[in-house]
Amino acid sequence: MSYRESNPKPPSGPWHGALSTALIFGSAAWILVYTLLDVRPVEALGAWNYVGVLGLVVLNTIVGRTWRGTPYARPTHTSRL
């Protein structure tokens with residue numbers, strides 16, 4: 001018996017996927033607003049906008065690494081079509 005089978009952790013909640021999706025869309029929206037539109041608060045940050053977007057992408061990577069799905073159940077038999 002492996003460690004993973006003896007100490008299973010529950011799957012992540014639905015908020016986990018929503019947070020990951022929001023981070024990706026938020027970073028894409030931020031970089032699009034900075035490059036395509038003339039929004040004064042965003043323009044005031046200058047090149048720091050790229051650092052902010054990179055921070056959101058790194059945060060999304062961390063969130064993605066902590067996600068836990070349901071354990072894989074190996075099928076007992078297979079069917080051939």
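Structure: see above.
Anyway, here's the lowdown on the structure attached to this text. (Residues numbered from 1 in each chain as written. Predicted model: local features only at pLDDT ≥ 70, side-chain atom pairs only at ≥ 80, totals over all residues. Heavy atoms only, no water.)

Comments concerning the overall build of the chain
The condition is simple: Each helix is a run of DSSP H or I of at least 4 residues and each strand a run of E of at least 2, with the numbering of both proceeding from the N terminus. Note on classification: 1.4 Å probe, protein chains only; a residue is buried when its accessible area is under 20% of the maximum for its type, exposed when over 50%, partly exposed between these limits. Any two residues whose heavy atoms approach within 4.5 Å are treated as being in contact. For accessible areas, the Shrake-Rupley method is used with a probe of radius 1.4 Å. Any residue's cover is judged against the shown protein chains and nothing else.
In terms of helices and strands, the chain carries four helices and zero strands. Helices and strands in the chain line up, N terminus first, as α-α-α-α. Scored against the burial criterion, the 81 residues of the chain give a buried share of 15%. Across the chain, the fraction of contacts at a sequence separation of at least 24, relative to all contacts at a separation of at least 6, is 57%. Per element, the accessible surface of the chain, about 7,000 Å² overall, is 66% carbon and sulfur.

Quick look at helix 4 (residues 48-65)
Under the convention used in this document: Helix span, as expected, comes to 1.5 Å for every residue beyond the first. Our arc is simply the arc of the directions from the helix axis toward the C-beta atoms.
Compared with an ideal rise of 1.5 Å per residue, which puts 18 residues at 26 Å, helix 4 spans 26 Å between its outermost C-alpha atoms and is within 8% of the ideal. Buried within helix 4 we find Asn49, Gly52, Val53, Asn60 and Val63. Take helix 4 and look down its axis: the buried residues cluster within an arc of 95°, on one side only. In this structure, helix 4 carries Trp48, Leu54 and Arg65 as exposed residues pointing more than 90 degrees from its buried face. The inward-facing, buried residues of helix 4 contact helix 2 (14-36) and helix 3 (40-45).

Overview of the side chain of Asn60
Filter applied, for reference: What qualifies as a polar contact is a pair of N or O atoms within 3.5 Å, subject to a donor-acceptor requirement within protein and to the restriction that residues adjacent in sequence count only when both atoms come from side chains.
Examined against the element boundaries, Asn60 turns out to sit in helix 4. Engagement of the side chain of Asn60 in a polar contact is seen with the side chain of Ser20, the distance being 2.7 Å. Not counting residues within four places of it along the chain, the set of residues in contact with Asn60 comprises Ser20, Leu23 and Ile24.

What to know about the packing of aromatic side chains
Here is the rule: The pairing test for Phe, Tyr and Trp rings, Trp by its six-membered ring, is centres within 6.5 Å, and the orientation test on the planes gives stacked under 30 degrees, edge-to-face over 60, and tilted for anything in between.
Following the criterion strictly, the structure yields one aromatic pair and no others. Look at Tyr34 and Tyr50: their rings are 5.4 Å apart centre to centre, the planes differ by 90°, and that puts the pair in the edge-to-face class. With Tyr34 in helix 2 and Tyr50 in helix 4, this pair connects stretches of sequence that are 16 residues apart. Judged by its relative accessible area of 16%, Tyr34 falls in the buried class.

Some points on a nonpolar patch on the surface
For the record, the criterion: Here, patches come from residues exposed beyond 30% relative accessible area and free of salt bridges, joined within 9 Å for like charges and within 5 Å for nonpolar side chains (Val, Leu, Ile, Met, Phe, Trp, Tyr). Basic side-chain nitrogens of Lys or Arg form a salt bridge, by our definition, when they fall within 4 Å of a carboxyl oxygen of Asp or Glu.
On the surface, Leu32, Leu36, Leu37 and Val39 cluster together into a nonpolar patch covering about 380 Å² of accessible area. Structurally, Leu32 is set in helix 2.

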